[in-house]
Structure formats: structure tokens, C-alpha cells
Amino acid sequence: MNAPVPPLPPPGPAAVTPEGGARGVQAARGLGRLATAAASARLWRAVALLPAALFLLTVLSPPLNHDVAAVLNFSMRWLSGQRLYSELIDVNPPLIFVFNLPAAWLASVTPLDGPRALLLLLVALCGLVWWLAARLRDGLVEGPVEAAALAALVPLALVLPGYDFGQREVLMGTVAIPYAMLAARRMAGVPTGRRLMLGVAVLAALGFALKPHFLAVPLLVEAAVLLRRGWGRVGVSLADPVPWAMAGVWVLYLASIPVFFPDFFGHVVPLVWDYYVDLGGLSAFGVLLTPNMGGAALLLAIVTALCLARRFGPLVLALWAATAGAFVSALVQHKGWTYHVAPVFMLAGLTTGLIAARWLDGALPPARARASAPALSAVMAGLLMLGMVRGGEAPFRELGYESDKGGRLTAWLKEHAWNERLLILTPDIWPIYPALNYSNSQSTLRFMNLWLLQGVNQRCPDNGERYRQPWEMSRAEFFVYRTVAEDFASAPPSAVLVTRHVGIPWCGKEFDFIEYFSRHPLFAEAFRSYHQQGEIEGYKLYVRED
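An account of the accompanying structure is given in this report. (Residues numbered from 1 in each chain as written. Predicted model: local features only at pLDDT ≥ 70, side-chain atom pairs only at ≥ 80, totals over all residues. Heavy atoms only, no water.)

Let's talk about the overall build of the protein chain
Then, in step 1: Each helix and strand in the protein chain was counted, giving 23 helices and five strands.
Then, in step 2: Reported as C-alpha extents along the three principal axes, the dimensions of the protein chain are approximately 130 × 60 × 55 Å.
Then, in step 3: Each of the 546 residues in the protein chain was classed as buried or not, and the buried ones make up 51%.
Then, in step 4: Sequence separation of at least 24 residues holds for 75% of the intrachain contacts in the protein chain that already meet a minimum separation of 6.
Then, in step 5: Counting 43 positive and 37 negative side-chain charges, the protein chain places the centres of these two groups 13 Å from one another. (Helix = DSSP H or I, 4+ residues; strand = E, 2+ residues; numbered from the N terminus. Buried < 20%, exposed > 50% of the residue type's maximum accessible area, 1.4 Å probe, protein only. Contact = heavy atoms within 4.5 Å. Lys, Arg positive; Asp, Glu negative; His and termini not counted. Charge placed at Lys NZ, Arg CZ, Asp CG, Glu CD.)

Given below as C-alpha cells:
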């Protein structure tokens, strides 16, 4: 028989040589450096998102933009049963009121008021666009600095407009970002899932349909796609479903207006053409001399010079074309207001950051670029934030709101007209809105304000008197004169808010809204039941005695 094999003795401790110990120390130090580098990268990524977080806090703070608040007020009145363009008359095409309906409905079924409901949905839209942008970046060639820059600058661009957040131009600029990224994929021949592609196309088409001027953006972007592909691939461009899907959305929308909103083309468009287009407008050259348009033109010129000097890839080209389209859209409106140029700054800021990132990716050694990317993205986001902090705009409007004219009027209406029906006799949008929204008050005027009365009275009457007689009025002026008086007499509101500052030229004496409408017997009889409650910031409040 075989003898059993004795068990092996337990292994002794391994001998540690000087060379092995040195390698272990070096490995530990290397792991420590990697952990430190990873922690530093995470910290810089958080810092890079800080400007977007600060601007998000700004847009969530009162006041809501005055035009945004006025449109929301009309959508809430529309939801409550008043008819758009017959009982609610405004120059905006119907899509923006449709867009505000979910917020109006949410405010009607939840404890949220209108402004908070709208802001919630606007932030959700920004979240959707941020997610779409991340999806559309898959498959595109990005350097480490470019990837870090896009991660920080896209969310910042979405909230960069500050006080103008929610404006129609800002909504257009918001949807233009994923649309430009989709255009870059189409230029580069990168395949995109059909659902993602059509979803972005439809969303962009709806954003560009908010105003006719906005169509300059897809026109220039699609031209850039066509040129980048080359004339040899015209067949590919003709078979591309994106422009056809967008055109289909626009055709359906245009065809739906006379069906669902017959008074828009028949009643509102003639008023806009005759009295609104030139109201407060400037010449094409004069608007370029305004600070807002001048700054936008300079920024576009810088981006254009950079793009002409060197090729930076399809995404830069698509964003450049979108920026140029946004600038054209602002220019043709002849006013140069802050929200007109907001999409120019959104898109140009993103484009400039992307150009800088691509240059850095090429100029730095690969290892250095990877290590520096998070910190460089934080610097870019900080510079863009500082570039958009301007005097009088965000965040200064928000910081000083309670003590400024709008805040004081809001507090006054909350005290004297909370949840009341008011007749608003003023050509102002700000600060009437959002003061009405915050005080839960409801205007009874068919218009947002008396811009039409202001528009028809830019010249003194030919009869030499302060006011035209009813038989001397144009159809537009008589419509305002008659409907204000009849609506006021048929359902007297709790109060009347009237301004001293009418914005109508002096013709022997100041234009007085109460005096003007009191010439109508129905208005004069109903107004006898009101007495003046007080006055603040040039606005007089008359309260019904019963």
C-alpha cells in the first residue's frame, strides 16, 4: 500500500525586496493621484453647472416677464370661456395661447397660481431640451474640452435670458438648440433614430411657428445643411424627412387658423398691419444703433469672422446659421427690445464656447486636454454668465422687484383689488402685468391694453378738438370706444384702474381715458357709481361704491 503523503507546511511570509516595496509605494501614490484627479474633475463639473443653477433661481424668482404674464392671463380667460380674437383680441397668432393652455389648466385644478404653473412647465421644457441635446450628441465626434463645455453651456443657454424667460423668442431659441444638433448629425451623415429625429423636428417646427419672423432660422439652417452636403447629394437632401415634417406642421397650423380662429385673419391681422407694425418702431438702420441690437450684431460679427477663418465642424456651422436666423428675426421687428435679441445671445454664446472648446482640443496635448476639460468648461460658463449680467436686467430686476414700480403696484392691488374684476385703461403692459397675475385680478378689457387707441391717436384730430367725434372715428377706434363702454355698462367690474401716462401726443391738452370714454352715455352712467380709492405710480384706482 502507498504511504500517505504528509501535508505541506503553511507558506511563510513572502520576502519583501526593496524593489517590490518601491513599486507598491508608487502604485499607491498613483491611485491616490487618480482619486484626487477624479474628485477634482467632479468638483469642476459641479462648478461649471453653478452659473446655470444661479440663472435658474433668477428665472424662478418674481417678477414673471410682463409679456409672458399678459399672454398667460389671456389663456386663462380663454380657458374660462371667453372667445379668442372676438372677446379676447391680441396681435399674437394663436399658437402661443395654445402653448399657455396647459399652465392655465394646471392653475385651475391645483393650488398653483398661473405664474408658478407656467414656470413649472417652462422648466420642464428646458429639461426636455437638455435631455434631447444629450441624446443628439451620441455618435458625434467630440474632444474632451468640447464635451465638458457642451455639458455646462447647454443648460446655461436655456436659462440665460433671465427676465425674458418664457418669451416667444426665448422659446424659439430653446428649441433651436436640439434642432441645430440634429442638423449637425444630418450634415455629418450620422444616423438618428426615427422617433428622436421626428420628435425634434416637430418640436422645432412648433417653436418656429410662434412668429412668422422665426422662419428665418430653419431657412438658414436648412441652407447650411444643403451646402455642407454638397450639390452632389441633392437627392439625399430631397429625401430628408426633417424639412418635410416641419413644413407639414406649418401647413397644418396655417390651415387650422381660419377653421378654429376665423376672426384672426379677418379682424386682427388688418389691425396689426394698419396700427401695430409701426407703433414705436425704428428704421432698419436705427434699430442697429440700439444697445441691444448693436451688441447682438457685434457678437454675430465675431462668430461669423471665426467661422470664416477656420472650419470648426458641422455643429458650429448649424449653430452659426441658427444665430444668423435669430438676428434676422430680431432685425425685421424694428424695435430692438431685450427679448428680441435673447435667442441671438443664447445661440451665439453657445457657439462661441464651442469654438473655443474645439480650438483648445486641438491646441492642447490629449492628456492635458482631458485633465483640464472640467476646469476649462467652468471658466467658459462663468465668462458667459458674466457677459449676460447687464445693468437693469437679470438678476437686478429680480433683486429689486419688491421696491420698484411693479412690486409696489402688485402689493397695492393685492391690498385693494385681490381676486377682483378690473377695467384696465392704459396702453401699458408692464407693470400692469404681472401685477394682475400676482393679485389674482381679472381684466375685463377685450385687449391686453389700449395699444389700439394709442395707435389710432398718433396724430391730432382734424377737427381741432382733443377727441374725435364718434362719426369721425375710424372703424378700429370706434370699435374700442363702443365695446369698452358697452362691456363696462353691461357687467360693471369691481374697480377701474386708469393711468395718467397715456403715451398719446399732446393736442391742446392731455388725453384722458375717463374723459374720453365718458362721452359715451353708457360709460358715463355706469361710472357714476365709482369713486377714487387712491393713486400709486401714476395709476388711479376707482372702486364701485356698492
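Comments concerning the environment of Asn-449
Then, in step 1: Position of Asn-449 among the secondary structure elements: in the loop between strand 2 (442-443) and helix 20 (451-456).
Then, in step 2: Given a relative accessible area of 4%, Asn-449 falls into the buried group.
Then, in step 3: Residues Asn-449 and Phe-265 lie 184 residues apart in sequence; the distance between their C-alpha atoms is 20 Å.
Then, in step 4: Residue contacts for Asn-449: discarding those within four places in its chain leaves Thr-426, Pro-427, Asp-428 and Ile-429.

Thoughts on the pattern of salt bridges
Then, in step 1: Using the criterion set out here, one finds 16 salt bridges in the structure.
Then, in step 2: Notably, a salt bridge pairs Arg-482 with Glu-486, separated by 3.0 Å at the nearest N-O pair. You can see Arg-482 and its partner Glu-486 sitting in helix 21 (residues 475-490), four residues apart, about one turn around the helix.
Then, in step 3: Beyond isolated ion pairs, a larger network of salt bridges with shared partners links Arg-186, Glu-222, Arg-229 and Asp-240. (Salt bridge = Lys/Arg side-chain N within 4 Å of Asp/Glu carboxyl O.)

Comments concerning the packing of helix 6 (residues 168-188) against helix 7 (residues 194-208)
Then, in step 1: Axis separation between helix 6 and helix 7 bottoms out at 9 Å; the angle between their running directions is 145°. Relative to helix 7, the crossing made by helix 6 is left-handed. Contact residues: Met-172, Val-175, Ala-176, Pro-178, Tyr-179 and Leu-182 in helix 6; Met-197, Val-200, Ala-201, Leu-203, Ala-204, Gly-207 and Phe-208 in helix 7.
Then, in step 2: Looking at the contact of helix 6 with helix 7 residue by residue, the classes come out as 12 nonpolar, one polar and no charged. (Axes fitted to C-alpha atoms, helices over the stretch in contact; angles between N-to-C directions. Left-handed = near helix turned anticlockwise from the far one by under 90°. Nonpolar A, V, L, I, M, F, W, Y, C, P; charged D, E, K, R; others polar.)

Let's talk about unusual backbone geometry
Then, in step 1: That bond from Pro-62 to Pro-63 is cis: its omega, 10°, falls within 30 degrees of zero.
Then, in step 2: Residue position: Pro-63 is located in the loop between helix 1 (18-60) and helix 2 (66-79).
Then, in step 3: Look at the link from Tyr-433 to Pro-434: it is a cis peptide, with omega at 15°.
Then, in step 4: If you trace the backbone, Pro-434 turns up in helix 19 (residues 432-438).
Then, in step 5: With phi around 60°, His-334 is a residue other than glycine that occupies positive phi space.
Then, in step 6: Residue His-334 is classed as partly exposed on the basis of its relative accessible area, which comes to 30%.

A word on the sheet that holds strand 3 (residues 495-499)
Then, in step 1: Strand order in the open sheet formed by five strands is 2-1-3-5-4, and the pairing between neighbours is mixed. Where the open sheet ends on each side, the last strands, each with one partner, are strand 2 and strand 4 (530-536).
Then, in step 2: Taken together, the six bridges between strand 4 and strand 5 (residues 539-544) define a ladder with antiparallel strand orientation. Residue Gly-534 lies in a different strand from strand 5, and its bridge partner there is Leu-541. (Pairing = 2+ DSSP bridges.)

A few points about the packing of aromatic side chains
Then, in step 1: Across all of its chains, the model carries 24 aromatic pairs by this definition.
Then, in step 2: Residues Tyr-481 and Tyr-516 carry aromatic rings whose centres are separated by 5.6 Å and whose planes lie at 80° to one another, so their mutual orientation is edge-to-face. Here Tyr-516 lies in helix 22 (residues 513-517) and Tyr-481 lies in helix 21, a separation of 35 residues in the sequence. We note that Tyr-481, like Tyr-516, is buried.
Then, in step 3: Taking 6.5 Å as the distance between ring centres and 45° as the angle between the ring planes, the aromatic pair formed by Phe-488 and Phe-527 counts as tilted. With a gap of 39 residues between them, Phe-488 in helix 21 and Phe-527 in helix 23 (residues 521-527) connect regions that are remote in the sequence. Exposure class is identical for Phe-488 and Phe-527. Each is buried.
Then, in step 4: Through a chain of ring-to-ring contacts, the aromatic side chains of Tyr-467, Phe-478, Tyr-481, Phe-488, Phe-511, Phe-513, Tyr-516, Phe-517, Phe-523, Phe-527, Tyr-530 and Tyr-542 assemble into a single cluster.
Then, in step 5: Above the face of the Trp-337 ring, Lys-335 is positioned so that its terminal group lies 5.7 Å from the ring centre.
Then, in step 6: A cation sits over an aromatic face here: Arg-397 above Tyr-163, 4.0 Å from the ring centre. (Phe/Tyr/Trp six-rings, centres within 6.5 Å; stacked < 30°, edge-to-face > 60°. Lys NZ or Arg CZ within 6 Å of the ring centre and 35° of its normal.)

Digging into the environment of Ala-201
Then, in step 1: When you line up the elements, Ala-201 lands in helix 7.
Then, in step 2: Ala-201 sits in the buried class, given a relative accessible area of 0%.
Then, in step 3: Along the chain, Ala-201 and Gly-464 lie 263 residues apart, while their C-alpha atoms are 57 Å from each other.
Then, in step 4: Residues in contact with Ala-201, not counting those within four places in the same chain, are Leu-182, Val-242, Ala-245 and Met-246.

Things to note about the pairing of strand 5
Then, in step 1: Along strand 5, five of the six residues are buried, which leaves the element largely enclosed by surrounding structure.
Then, in step 2: Adjacent in sequence and paired antiparallel, strand 4 and strand 5 are bridged by two residues, among which Glu-537 carries a positive phi angle near 55°.

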